[in-house]
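# Per-entry structural report
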Amino acid sequence: MAFTVTAVDRGSAARAGSLSLNHGTVETPCFMPVGTNATVKAMSVGDLEDLGVRLILGNAYHLLLRPGPDVIRAAGGLHRFMGWPHNLLTDSGGYQVFSLARLRRVEEGGVSFRSHLDGSSRHLTPEDVIDLEAIVYGSDVLMPLDVCTAPGITRGEAEEALELTTRWLARSRDRWRSIEAPQKGDLFGIMQGNFHRDLRERSAAGIAALDLPGYAIGGLSVGEEFAVFREFTHLSAGLLPAGKPRYLMGIGTPAYVLEAVEAGIDLFDCVFPTRTARNALVFTPDGPLNLRLEANREDFGPIDPSCRCTACRAHSRAYLRHLFKAKEILAAMLATRHNLAFLAAMVSGARSAILEGRFTAFKRAFLSRYGERQPGSQSGAEPAEI
Ligand SMILES: [Zn+2]
């Protein structure tokens with residue numbers, strides 16, 4: 001893996017770069033659509049390629065339960081199984097174990113839980129997760145097993161979670177280093193520390209010492225106020241090595257993404273744009289729009305005249321409203337294409353602004369038109385879509 005910071009903004013920590021992975025180079029900042037079950041819901045591989053998407057997420061936990069590692073191994077890995085020739089990042093599923101699975105028990109060795117699908121007993125160690133991602137799935141970026149925490153826990157609990165996350169990361173790294181594969185993916189470390197500044201510092205120091213190809217920030221956008229999210233995003237980004245890619249997990253609305261970019265984050269992901277699209281909520285430059293509303297009944301203009309996606313080039317708000325009302329599958333497909341295209345165009349605009357040293361002005365102009373007065377309402381805190 002090679003990561004190059006091409007430019008840093010003049011008035012902020014925002015940066016533009018390029019990340020070379022096993023299946024091609026990705027320009028950063030980059031929003032990664034979430035493909036939990038080896039599919040970005042309502043999008044074909046061709047749809048994603050048309051939008052210029054070259055890096056998507058899969059989820060080790062979900063794919064372990066269904067279809068199971070034997071199927072993916074027999075298919076020749078996750079890329080071949082899903083027909084995706086570009087880069088894949090797999091999340092370990094630590095977050096899903098904590099949000100979805102029943103009767104979970106966390107111990108030094110790993111985590112035991114019952115499948116949310118059939119109740120079967122499972123046990124995962126940090127080493128199991130690395131084996132799955134590196135050997136069975138063939139992921140380009142591997143996320144290790146970590147312990148996620150929500151706001152409102154005690155300081156002691158937060159401390160325990162971060163220490164265990166760091167110890168698990170050291171074991172993950174040892175396993176990852178021991179694997180000999182021609183195209184082994186890159187392991188990222190995950191920072192935890194909840195909402196304590198000194199714990200974030202301790203976590204950053206612990207994971208940076210392991211000298212990994214990249215670093216992620218976990219445990220933010222889990223229901224905290226936007227001001228708290230902002231404070232901890234800037235703090236956390238600043239604590240991570242400047243020469244390595246930084247990934248903020250679980251954010252996907254314009255206000256959150258632009259805040260993260262301003263803090264110097266390179267990668268982000270969230271189910272928000274795709275999930276809300278399936279619920280008829282689409283992004284426009286003037287703020288979110290609910291396509292089901294009566295106001296769209298005879299509105300024969302596109303969702304966004306400046307958008308070049310299929311939905312906007314060929315169809316009207318009135319038609320999309322009709323599709324949603326009639327529960328047609330095409331509604332979800334078109335709205336998803338639009339939301340991903342909108343976010344990709346926004347991030348690409350942010351990248352150009354960074355290269356020209358005017359990111360702060362770009363962000364201000366974008367958000368003042370978007371008008372998100374209460375940006376704290378994204379759903380990053382929800383369990384991953386199932
Ligand atoms: Zn569009």
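Criteria and thresholds
- Residues numbered from 1 in each chain as written.
- Predicted model: local features only at pLDDT ≥ 70, side-chain atom pairs only at ≥ 80, totals over all residues.
- Heavy atoms only, no water.
- Donors = N, O, S within 2.8 Å, 3.2 Å for Na, K, Ca; no water.
- Tetrahedral: all angles 85-135°; square planar, octahedral: opposite > 155°, others 65-115°.
- Core = buried A, V, L, I, M, F, W, Y, C linked by side-chain atoms within 4.5 Å.
- Buried < 20%, exposed > 50% of the residue type's maximum accessible area, 1.4 Å probe, protein only.
- Helix = DSSP H or I, 4+ residues; strand = E, 2+ residues; numbered from the N terminus.
- Domains from an automatic or database assignment.
- Contact = heavy atoms within 4.5 Å.
- Pairing = 2+ DSSP bridges.
- Axes fitted to C-alpha atoms, helices over the stretch in contact; angles between N-to-C directions.
- Buried area = accessible area lost by both parts, 1.4 Å probe.
- Salt bridge = Lys/Arg side-chain N within 4 Å of Asp/Glu carboxyl O.
- Nonpolar A, V, L, I, M, F, W, Y, C, P; charged D, E, K, R; others polar.

### Some points on the coordination of the zinc ion
In ideal tetrahedral geometry, four donors around a metal make angles of 109.5 degrees, whereas ideal octahedral geometry with six donors gives angles of 90 or 180 degrees. All of the protein donors around the zinc ion are Cys307 (SG), Cys309 (SG), Cys312 (SG) and His338 (ND1); their distances to the metal are 2.1 to 2.3 Å. Considering all four donor atoms around the zinc ion, the spread of angles at the metal, 98 to 120 degrees, places the coordination shape in the tetrahedral class.

### What to know about the nonpolar core
Membership of the largest hydrophobic core comes to 101 residues, with the highest contact counts inside it found for Tyr137 and Phe268. The element best represented in this core is helix H14 (residues 329–355), accounting for twelve residues. Taken together, domain 1 (30–224) and domain 2 (277–370) each give at least three residues to this core, which thus spans both. With sequence-adjacent residues up to four places away left out, Phe268 is seen in contact with Pro29, Cys30, Phe31, Met32, Tyr247, Leu248, Ile251, Val257, Ala260, Val261 and Val347. Listed in part, the 19 residues of the second largest apolar core include Phe3, Met143, Tyr247 and Val271.

### As for the sheet that holds strand E9 (residues 121–124)
Read across the open sheet, the three strands follow the order E7-E8-E9; overall the sheet is antiparallel. Edge positions in the sheet fall to strand E7 (102–106) and E9, since each has one partner strand and no second. Between one strand and the next, the sheet's axes are offset by a mean angle of 15 degrees, whatever the strand orientation. Two strands pair when backbone bridges link them, and strand E8 (residues 111–114) and E9 are joined in this way by four bridges, in the antiparallel orientation. From the neighbouring strand, Ser112 faces E9, where its bridge partner is His123.

### Considerations on the domain arrangement of the chain
Often, the extent of an interface is quoted as the loss of accessible area on bringing the components together. According to the domain assignment, the chain consists of domain 1 (30–224) and domain 2 (277–370). The contact between domain 1 and domain 2 buries some 870 Å² in all, and 75% of this surface belongs to carbon and sulfur atoms. A per-residue breakdown of the area domain 1 buries against domain 2 is headed by Phe31, Ala42 and Leu51, which together make up 52% of the total. At the junction of domain 1 and domain 2, the tally comes to two salt bridges. Linking Arg337 and Asp50 is a salt bridge whose minimum nitrogen-to-oxygen distance equals 3.7 Å. Of all the elements in the fold, those that place two or more residues in the side of domain 1 that touches domain 2 are strand E4 (30–32) and helix H1 (45–50). Of the residues assigned to the side of domain 1 that touches domain 2, the class counts are eight nonpolar, no polar and three charged.

### Structural notes on the pairing of E8
Bridge analysis of E7 against E8 gives three bridges, and the strand direction is antiparallel. If you follow Val106 over to E8, its bridge partner there is Val111. If you look at the hairpin formed by E7 and E8, you'll find four residues sitting between the two strands. Counted along the chain from E8 to the antiparallel partner E9, the turn is six residues long, and its residue Gly119 has a positive phi close to 75 degrees.

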